[in-house]
Amino acid sequence: MSGTILEVENLSVDIPVAAGMLHPVRGIGFSVSRGETLCIVGESGCGKSLTSLAIMGLLPKTARRNADRIEFLGRDIRNLREREMARLRGGSMSMIFQEPMTSLNPSYTIGNQLAEVYLRHVEQSRAAARDRAVFLLEKVGISSAASRLGQYPHQLSGGQRQRVMIAMALMCGPELIIADEPTTALDVTIQAQILHLLAELQREFRMGMILITHDLGIVARVADKVQVMYAGKTVEEGPCETVFDAPMHPYTQGLLRCIPIPGRTRRGERLGSVPGIVPNLVGELSGCLFRNRCDHARDACAGMRDDEPTRMGDGHAYTCLRAPGEISGELQAAEAP
Amino acid sequence: MPAYTLKRTFVAFLILIVVSGLTFSLSHLSADPALTIGGEQASEEDIQAIRKLYGFDRPIHVQYLDWLGRALSGDFGESYHYKQRVFDMVSERIGRTMLLGTLAILFALVVSIPLGTLAAMRPNSITDRIALFIAVLGQALPTFWFALMMIIVFGVWWRWLPISGHTQWANYVMPTIALGYYATPALMRLTRAGMIEVLASDYIRTARAKGLSPASVLFKHALRNAIIPVVALAAVWFGFMLGGSIVIETIFNLKGIGWLSYDALLRSDLPVVQAIVLIFASFYVVLTLLADLLNAYLDPRISVR
Ligand SMILES: Nc1ncnc2c1ncn2[C@@H]1O[C@H](COP(=O)(O)OP(=O)(O)OP(=O)(O)O)[C@@H](O)[C@H]1O
Ligand code: SF4
Ligand SMILES: [Mg+2]
């Protein structure tokens, strides 16, 4: 385990609902190394948030988690008690959420909320916690940091709050940081700033980062590895460049087609979406779940074993029964004219 | 914040004027004070003389302003029946009522906050059901009936507690429970609802993501936010407790101003009634004001509005 921080194998999440058993995450796996950024992409509802919550041990009470392996810093954390899990959370693994406006406690000052996590995991020194908070607030680009400590969340803008959340996630010098769509709720102009900031900090502190997003433009810039999720499954994964250069799965291809290209994308066109809807994930499921939306679907797709991806070397793999030759032939044909 | 306080204080003052004006006019319309003072045997001339002497022949608003002016300087007049200064009669007894009200609201909070929190931690569990049952019972039982039941069980059968008086601490046990239990359901429901909402909030997820201890998540992060509306409601209920002391003090013969107001009402002793209504109304208004300010202090977002 050289630089590997997190290894996940065959993770699934089941949630009992009124209609039966929901399978929002159905056997996914990945690994993150020190200094590496893994981007998980996929449309709304494909199980990205539940995947990250499952790693953090923060799933809703009714949800059940199963995995062949969840190894964090070489330690199996699947059967850790809540107390031991709490020791890791906020300390060596931290998370940044989708909703900066509501993720801070309205009743306590920024300083209090920043210091608290340090006091819990690092040392009982208010002065040290304060220094660390000021240092990190400056790092995340908040002006006159020391005077901000006494402010309450409602006195900050959404972008500033997300910066505070980032600072908070860094308070204890985590090895792994999970950012779940950290900019979705923010203004477009601020989104880029925040993502740059995250990428920069990740490099500076050599953390492993899981960045969840559906903005493929961002992925292209910051990811080392990409994992494309569809309906709770990994449909394609691999090094960022490889996946962008030669996407193999029709869903990935669809997503990449949706990236705006100057001059070609029409104004008002919806981005990041592939036509069609995700199938219902309640009950037993089989075959390729993308078949109702896939241009290449054929009868055999209904019987596809989705637990045996086609491997292309250097970690690039996809889950589709089409042969690599067939796909790459098409890709070349598409590029020709 | 100062502007907010000022505005709230002004409104509170207005309410007091309206309430005291209403009581004054209503009580003067419902009973002729001259008759009360004169007694059964008074002749028509006597009554006329009394009216002149006390100024009852003046227009009602003149009488009210006269009364208000004096009340503001602490002079509430003299009891028609006891011929004592109302101020003295009230100050002798008000401590008991305050003590009872305070004990009752504390009892209600001590019961309802833990119960509401427990219920919220596991909605629809057995704990939740039991808590709900206790609350429903508190709402369904009339206070006077509950008080009488306690008197029968603890006072008469088992003889654990004295059933009347105000001289020892034991005298306050049953009245406190009877009065406080009345406030428990509302406070408990609000705690439960608030906690359920707060526990599902994003900042609680953040607190858990920070690896904080369960106690810190529950008490520092959740309860602090859930309790804000409970505090406001408790202040309002403290006002109800003081008002409710009329029944409870009468049942337990605990001679506070609740008992005194009941006594005065029976005797149409208007100066006493007016003074006590003004006092109860002031409490109520001041408490509501305090609740608002306390809220503003606990919830930094409020004062901005
Ligand atoms: N507590 C829950 N109870 C029942 N279903 C849930 C629960 N939480 C999530 N789900 C369902 O699980 C699926 C995956 O949810 P998840 O939040 O992981 O999606 P996501 O990929 O993060 O989407 P988004 O991009 O919108 O954040 C969704 O269909 C959602 O409705
Ligand atoms: S398996 Fe079939 S339906 Fe699924 S993506 Fe491949 S071609 Fe399309
Ligand atoms: Mg999500």
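The structure we're discussing is the one just above.
Being a predicted model, the structure only gives us computed values, none of them experimental.

A. View of the site of ligand 1. Residues and elements named next belong to chain A. Close to ligand 1 lie 14 residues, the nearest being Ser44, Gly45, Lys48, Ser49 and Glu181. Here Gly45 contributes a backbone N or O atom positioned 2.8 Å from an oxygen atom of ligand 1. Here ligand 1 loses 66% of its free accessible area of 640 Å² to cover by the protein chains. Elements with a minimum of two residues in the shell around ligand 1: strand 2 (20-33) and helix 1 (48-56). Per-element tally for the shell around ligand 1: the top contributor is helix 1, with 3 residues. Class assignment of the residues belonging to the shell around ligand 1 gives a composition of 6 nonpolar, 6 polar and 2 charged.

B. Seen up close, the pattern of salt bridges. Residue and element names in this part refer to chain A. Within the structure shown, the criterion is met by 24 salt bridges over all chains. A salt bridge links Arg34 to Glu175; its shortest N-O distance comes to 2.9 Å. Of this pair, Arg34 sits in the loop between strand 2 and strand 3 (37-41) while Glu175 sits in the loop between helix 6 (158-170) and strand 8 (176-180); the two residues are 141 residues apart in sequence, bridging distant segments of the chain. For Glu36, the salt bridge goes to Lys225, with nearest N and O atoms at 3.5 Å. Here Glu36 is found in the loop between strand 2 and strand 3, whereas its partner Lys225 is found in strand 10 (residues 225-230), with 189 residues between them in sequence. Relative accessible area serves as the criterion here: at 15%, Glu36 is assigned to the buried category. Taken together, the shared-partner salt bridges in this structure form one network comprising Glu7, Glu9, Arg69 and Glu71.

C. Seen up close, the packing of aromatic side chains. Under the criterion given, the structure shown has 17 aromatic pairs over all chains. Among the aromatic residues, those joined into a ring-pair cluster are B:Tyr182, B:Trp237, B:Phe240 and B:Tyr284. In this structure, B:Lys220 packs its charged tip against the face of A:Tyr108, placed 4.9 Å from the ring centre.

D. Here's a closer look at the site of ligand 2. Around ligand 2 lies a shell of 13 residues, among which A:Cys288, A:Arg291, A:Cys294, A:Cys301 and A:Cys320 are the nearest. The residue inventory of the shell around ligand 2, partitioned by class, reads 9 nonpolar, 2 polar and 2 charged.

E. Up close: the layout of surface pockets. Of the volumes computed, that of the largest pocket is approximately 930 Å³. Considering the residues around the largest pocket, the lining is formed by 27 residues, among which A:Lys61, B:Leu199, B:Ile204, B:Arg208 and B:Val217 are closest to the centre. Of all the elements in the fold, those that place two or more residues in the lining of the largest pocket are helix 2 (82-88) of chain A together with helix 5 (86-121), helix 8 (170-199), helix 9 (202-209) and helix 10 (214-251) of chain B. With 4 residues, the single largest contributor to the lining of the largest pocket is helix 9 of chain B.

F. Empty space enclosed by the protein, seen in detail. All names here are of chain A. Inspection of every chain in the model, using the stated rule, returns 5 cavities of 30 Å³ or more. What lines the largest cavity is a set of 13 residues, among which Lys233, Val235, Cys288, Leu289 and Asp306 lie closest to the centre. If you tally residues by element for the lining of the largest cavity, the top one is strand 11 (residues 233-239), at 3 residues. Its residues assigned to classes, the lining of the largest cavity comprises 6 nonpolar, 4 polar and 3 charged.

G. Expanded view of the nonpolar core. Core analysis: the largest hydrophobic core is formed by 98 residues, its most contacted members being A:Leu6, A:Phe30, A:Leu114, A:Leu137, A:Ile166, A:Leu176 and A:Ile210. In terms of residue count, the dominant contributor to this core is helix 6 of chain A (7 residues). Dropping the residues within four chain positions of it, A:Leu114 is found in contact with A:Ala133, A:Leu137, A:Leu149, A:Val164, A:Ala167, A:Met168 and A:Met171. Grouped together as the second largest cluster of nonpolar side chains are 65 residues, B:Val86, B:Ala120, B:Met150 and B:Ala226 included.

H. Geometry of the packing of helix 5 of chain B against helix 12 (residues 270-298) of chain B. Residue and element names in this part refer to chain B. Where helix 5 contacts helix 12, the two axes come as close as 11 Å, and the packing angle between them is 40°. Considering their axes alone, helix 5 and helix 12 lie oblique with respect to each other. Seen along the crossing, helix 5 lies across helix 12 with a hand that is right-handed. Side by side, helix 5 and helix 12 meet where Val86, Met89, Val90, Ile94, Thr97 and Met98 of the first sit next to Pro271, Val272, Ala275, Ile276, Ile279, Phe280 and Phe283 of the second. Grouping the constituent residues of the contact of helix 5 with helix 12 by class yields 12 nonpolar, 1 polar and no charged.

Cut-offs used in this document
- Residues numbered from 1 in each chain as written.
- Chains lettered and ligands numbered in written order.
- Predicted model: local features only at pLDDT ≥ 70, side-chain atom pairs only at ≥ 80, totals over all residues.
- Heavy atoms only, no water.
- Near = heavy atom within 4 Å.
- Polar contact = N/O pair within 3.5 Å; in protein donor to acceptor, adjacent residues only side chain to side chain.
- Areas by Shrake-Rupley, 256 points an atom, 1.4 Å probe, with all protein chains shown as cover.
- Helix = DSSP H or I, 4+ residues; strand = E, 2+ residues; numbered from the N terminus.
- Nonpolar A, V, L, I, M, F, W, Y, C, P; charged D, E, K, R; others polar.
- Salt bridge = Lys/Arg side-chain N within 4 Å of Asp/Glu carboxyl O.
- Buried < 20%, exposed > 50% of the residue type's maximum accessible area, 1.4 Å probe, protein only.
- Phe/Tyr/Trp six-rings, centres within 6.5 Å; stacked < 30°, edge-to-face > 60°.
- Lys NZ or Arg CZ within 6 Å of the ring centre and 35° of its normal.
- 1 Å grid on protein atoms, 1.4 Å probe; cavity = no way out; pocket = protein on both sides within 12 Å on 5 of 7 lines; lining within 4 Å.
- Points joined across faces, edges and corners; volume = space filled by probe spheres on them.
- Core = buried A, V, L, I, M, F, W, Y, C linked by side-chain atoms within 4.5 Å.
- Contact = heavy atoms within 4.5 Å.
- Axes fitted to C-alpha atoms, helices over the stretch in contact; angles between N-to-C directions.
- Parallel < 35°, antiparallel > 145°, perpendicular 65-115°, else oblique.
- Left-handed = near helix turned anticlockwise from the far one by under 90°.

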